[in-house]
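The residues making up each chain are set out below.
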Amino acid sequence: MRDVAIIEAPSVLGLRPTGVEGLPEALLGAGLAEGLGAVRAGRVEPPAYDPERDPDTGVLNPGGIAGYSVALADAVTAVLDDGRFPLVLGGDCSVLLGNLLALRRRDRHGLLFLDGHTDFYQPSAEPAGEAASMELALATGRGPRVLADLEGRGPLVRDEDVVALGFRDAEESASYGMQPLPPALHAMDLVTVRALGAAEAARRAVEMLTGTGYWIHLDVDVLDDTAMPAVDYRLPGGLTWQELEAVLRTALSDDGAVGLDVAIFNPRLDPDGSIAERLTECLVRSFDGQG
């Protein structure tokens, strides 16, 4: 197994304080660190949440997210410098920006984007101004400069170095007027993943990313809604637990994988803790390669 270091990143600056800030405690309470033999590498606390949409950018908390991304990047950098594998527990999906900033400071990397949504909104199309619906666009350099050009290093990842896998929001995003995914970005929606088989789809994704090294972003709403109802924006369909494990095992078994974040699980919607336990089991099995 990898030498994993867990960073807690309980930011909801890109969403709302709905409960996803409790993700780190829920998974750690379910035994994630022990199951992975991981060390605890600290907690990056977010600044105060501002519920008012910024009039200049149309985004909630743009300055707070920018500052938080730098602080999180510093924490991820420290883990990488120690030769460990960072596992970042969000929080909402905007934590991806800090993770990718840490990699961008070093060199060029790729991104395996596992999410039920493509999160490629522009501020004018995002109904609430939530950066958690824009992070892939921001990471590829699209959007307000305060977030799309962190430290003057934007884009954090090139279009051709991204594989978005497992999304199923095409109808919904079109209805809101989300900008289209760029042609150079590798898109493998849920239908494609099912046609190929989860393991084969992941193998092809890794082949596209091999050579640069890559970060893995896991929004748990990539899972089937019946398996993972503990999310704020539910969408019918999705991967089974077995399919997600197959994708993660394939991605994590390649030497190109350099880090992973987990986002959006809301423990307030899991009152008995059973989903947290199943998610923890999925992650542990994926890291140790057990089928």
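Look a little higher up for the structure.
Here goes a summary of the coordinates provided.

Criteria and thresholds
- Residues numbered from 1 in each chain as written.
- Predicted model: local features only at pLDDT ≥ 70, side-chain atom pairs only at ≥ 80, totals over all residues.
- Heavy atoms only, no water.
- Axes fitted to C-alpha atoms, helices over the stretch in contact; angles between N-to-C directions.
- Helix = DSSP H or I, 4+ residues; strand = E, 2+ residues; numbered from the N terminus.
- Parallel < 35°, antiparallel > 145°, perpendicular 65-115°, else oblique.
- Left-handed = near helix turned anticlockwise from the far one by under 90°.
- Contact = heavy atoms within 4.5 Å.
- Nonpolar A, V, L, I, M, F, W, Y, C, P; charged D, E, K, R; others polar.
- Core = buried A, V, L, I, M, F, W, Y, C linked by side-chain atoms within 4.5 Å.
- Buried < 20%, exposed > 50% of the residue type's maximum accessible area, 1.4 Å probe, protein only.
- Pairing = 2+ DSSP bridges.
- Polar contact = N/O pair within 3.5 Å; in protein donor to acceptor, adjacent residues only side chain to side chain.

## Examining the packing of helix α3 (residues 62–81) against helix α4 (residues 95–104)
Where α3 meets α4, the axes come as close as 7 Å, and the angle between the chain directions of the two elements is 50°. In terms of their interaxial angle, α3 and α4 are classed as oblique. Here α3 runs over α4; the crossing is right-handed. Residue-level contacts link I65, Y68, S69, V70, L72, A73, V76, T77 and L80 of α3 to V95, L97, G98, N99, L101, A102 and L103 of α4. Split into classes, the residues belonging to the contact of α3 with α4 amount to 12 nonpolar, 4 polar and no charged.

## A short note on the nonpolar core
By size, the foremost hydrophobic cluster in this structure holds 61 residues, and its most contacted members are L27, L112, I216, M228 and F265. Residue contacts for I216: discarding those within four places in its chain leaves L112, L114, L248, A251, L252, A257, G259, L260 and D261. A5, I7, M134 and L150 belong to the second largest nonpolar core, which has 46 residues in total.

## Here's the deal with the side chain of D161
Secondary-structure assignment places D161 in the loop between α6 (145–148) and β5 (162–165). Those residues within four positions of D161 in sequence are excluded, and the remaining contacts are R108, H109, G110, L111, L209 and T212.

## Quick word on the sheet that holds strand β8 (residues 257–263)
Strand order in this open sheet of 8 strands is β2-β1-β3-β8-β7-β4-β5-β6, and the pairing throughout is parallel. Every other strand in the sheet has two partners, leaving β2 (39–43) and β6 (186–188) as the edge strands with one partner each. Averaged over all neighbouring strand pairs, the angle between strand axes comes to 15°, with direction disregarded. Relative to β5, strand β4 (residues 110–114) is paired through 4 bridges, and the arrangement is parallel. Paired with F113 across the two strands is A164, which belongs to β5. Strand contacts of helix α9 (residues 198–209): β4, β5, β6 and β7 (214–219), with the helix running at about 165° to β5, the strand carrying the most contacts.

## Some remarks on the environment of D54
Assignment of secondary structure puts D54 in the loop between β2 and α3. Taking the C-alpha atoms as reference points, D54 and G129, 75 residues apart in sequence, are found 8.5 Å from one another. At 2.7 Å, the side chain of D54 forms a polar contact with the side chain of T57.

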